[in-house]
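Here are the chains, one letter per residue:
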Amino acid sequence: MLFNTIILYLQEEVPQAFVIAVAIIKYFLILCLVALVVYKVFNFFEMAYVEYINKRLFFNHKYIKKRQLSNAQKLILKQHINFYNALSLRHKSAFEHRVFQIIKSTEFIGKEIVVTEKMKTIIAGTLVKLTFGFRDYKIDTVERIIFYPEEFYSTTNKTYHKGEFNLGYRALVFSWKHVLHGYKISNDNLNLAVHEFIHAIHFYYMSKRKVSTSSAIFIDSFQELTQELDNDEQLKQKLVASRYLREYAYTNQFEFLAVIIETFIETPKEFKAQFPKLYGKVKTMLSFNFAGY
């Protein structure tokens, strides 16, 4: 009885809807495979171009649909992010889209302080500013931002901090008071948000060096910068003697990177005038081809 039922079922005409569904799935899988092959080929040639010819991406800032910020958020950017103000209208639109995406994908936590839209926008704007020269701007080393009103006690180092990057927790922790101070004075080469974000970006790009052309540009350019200093003792002595970089820069390689980019962001004209070779390396490192830089 069961056998006869199966035979009758197999002899029945397959429903048209089923045939269409199978065809759609088949073509979808083929499309995905083609897209993957195209991506791999594109990445191979772009990586080769970056490594052997010129440290520049083939393209940047291409979006299927740009998201928009509110007028209040745009005003916050205008008031605090000078980099944003100098951008063209097209780049401002791309900047706003990225800020929207960072806010959307990041968890914001307030400790003894209420997190406001201003806090989210300034912090997101800082990350977008630093990675604006790259396609790879969503760094997974930072999943959450934690705010304290002032300096906070770090359980990691058993001391009080103004800012901290916690790789294990994938978090940046900030004293909001000192974040604001960093943006209030724009030319003292001190910006807490920029400094801590560079640590997070550095770790992320190191982990993605082999697969991300953005990471390759950043990491390789930094290596070239340090080699330039290692090979030119006179330049190194001049940099140290000038005190253009604060002493904290010479603590270790990670702090050197954070401080030199912090300085590049805040006083680019002075940096270029005093140390044009190093300035050029940092500019390439960030892929910065924007007004003011």
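Note: the structure precedes this text.
Residues numbered from 1 in each chain as written. Predicted model: local features only at pLDDT ≥ 70, side-chain atom pairs only at ≥ 80, totals over all residues. Heavy atoms only, no water.

### Quick look at helix H9 (residues 213–231)
Taking 1.5 Å per residue as the helical rise, H9 with its 19 residues ought to reach 27 Å, and the 26 Å between its terminal C-alpha atoms agrees with that figure. Measuring from the side-chain oxygen of the N-cap residue of H9 to the backbone nitrogen of Ser214 gives 3.4 Å; that N-cap residue is Ser212. (Helix = DSSP H or I, 4+ residues; strand = E, 2+ residues; numbered from the N terminus. Expected span 1.5 Å × (residues − 1). Polar contact = N/O pair within 3.5 Å; in protein donor to acceptor, adjacent residues only side chain to side chain.)

### Focus: the sheet that holds strand S2 (residues 144–148)
By way of backbone hydrogen bonds, the strands of a sheet pair with one another, either parallel or antiparallel. Strand order across the open sheet formed by four strands is S1-S2-S6-S5, with mixed pairing between neighbours. Each edge of the open sheet carries a strand with a single partner, namely strand S1 (107–110) and strand S5 (163–166). Ignoring strand direction, the axes of neighbouring strands in this sheet form an average angle of 15°. Summarising the sheet, S1 and S2 pair through four bridges and their orientation is parallel. Along S2, the bridge assignment pairs Phe108 with Ile145. (Pairing = 2+ DSSP bridges. Axes fitted to C-alpha atoms, helices over the stretch in contact; angles between N-to-C directions.)

### Quick notes on the environment of Tyr84
Among the secondary structure elements, Tyr84 is positioned in helix H4 (residues 82–85). Overall, the relative accessible area of 2% leaves Tyr84 in the buried class. Here the alpha-carbon distance between Tyr84 and Lys129, two residues 45 residues apart in the chain, equals 7.6 Å. (Buried < 20%, exposed > 50% of the residue type's maximum accessible area, 1.4 Å probe, protein only.)

### Some thoughts on a nonpolar patch on the surface
A cluster of nonpolar side chains, Leu33, Leu36, Val37, Tyr39, Val41, Phe44, Phe45, Phe58 and Phe59, forms an exposed patch at the surface whose accessible area comes to about 910 Å². Within the element layout of this structure, Phe59 appears in the loop between helix H2 (16–52) and helix H3 (71–80). (Patch = residues over 30% accessible without salt bridge, like charges linked within 9 Å, V, L, I, M, F, W, Y side chains within 5 Å. Areas by Shrake-Rupley, 256 points an atom, 1.4 Å probe, with all protein chains shown as cover. Salt bridge = Lys/Arg side-chain N within 4 Å of Asp/Glu carboxyl O.)

### Considerations on the pattern of salt bridges
On inspection of all chains with the given rule, the structure shows 13 salt bridges. Linking Glu51 and Arg209 is a salt bridge whose minimum nitrogen-to-oxygen distance equals 2.8 Å. With a gap of 158 residues between them, Glu51 in helix H2 and Arg209 in the loop between helix H8 (192–207) and H9 connect regions that are remote in the sequence. On the basis of relative accessible area, Glu51 is assigned to the partly exposed category, the value being 31%. The salt bridge involving Arg144 is made with Glu107; its shortest N-O contact spans 3.2 Å. Of this pair, Arg144 sits in strand S2 while Glu107 sits in strand S1; the two residues are 37 residues apart in sequence, bridging distant segments of the chain. Given a relative accessible area of 14%, Arg144 falls into the buried group. Each of Glu107, Asp140, Glu143, Arg144 and Arg170 takes part in a single network of salt bridges with overlapping partners.

### Examining the packing of aromatic side chains
Here the structure, examined in full by the defined rule, presents 30 aromatic pairs. Summarising the aromatic geometry, the rings of Phe83 and Phe95 are spaced 6.2 Å apart at their centres and angled 45° between planes, so their arrangement reads as tilted. On the criterion of sequence distance, the pair formed by Phe83 in helix H4 and Phe95 in helix H5 (residues 89–105) is long-range, its members being 12 residues apart. Residue Phe83 is classed as buried on the basis of its relative accessible area, which comes to 6%. Here the basic side chain of Lys92 rests over the ring of Tyr84, its NZ or CZ set 5.5 Å away from the ring centre. Above the ring of Tyr169, the side-chain terminus of Arg144 is found at 4.5 Å from the ring centroid. (Phe/Tyr/Trp six-rings, centres within 6.5 Å; stacked < 30°, edge-to-face > 60°. Lys NZ or Arg CZ within 6 Å of the ring centre and 35° of its normal.)

### Some remarks on the packing of helix H6 (residues 117–130) against H8
At a minimum axis separation of 10 Å, H6 and H8 run at an interaxial angle of 55°. For the element pair H6 / H8, the angle class is oblique. Viewed along their axes, H6 and H8 form a crossing whose handedness is right-handed. Taken together, the residues of H8 that come into contact with H6 (itself represented by Ile123, Thr126, Leu127, Lys129 and Leu130) are Ala193, Val194, Phe197, Ile198 and Ile201. Taken together, the residues that form the contact of H6 with H8 break down as eight nonpolar, one polar and one charged. (Parallel < 35°, antiparallel > 145°, perpendicular 65-115°, else oblique. Left-handed = near helix turned anticlockwise from the far one by under 90°. Contact = heavy atoms within 4.5 Å. Nonpolar A, V, L, I, M, F, W, Y, C, P; charged D, E, K, R; others polar.)

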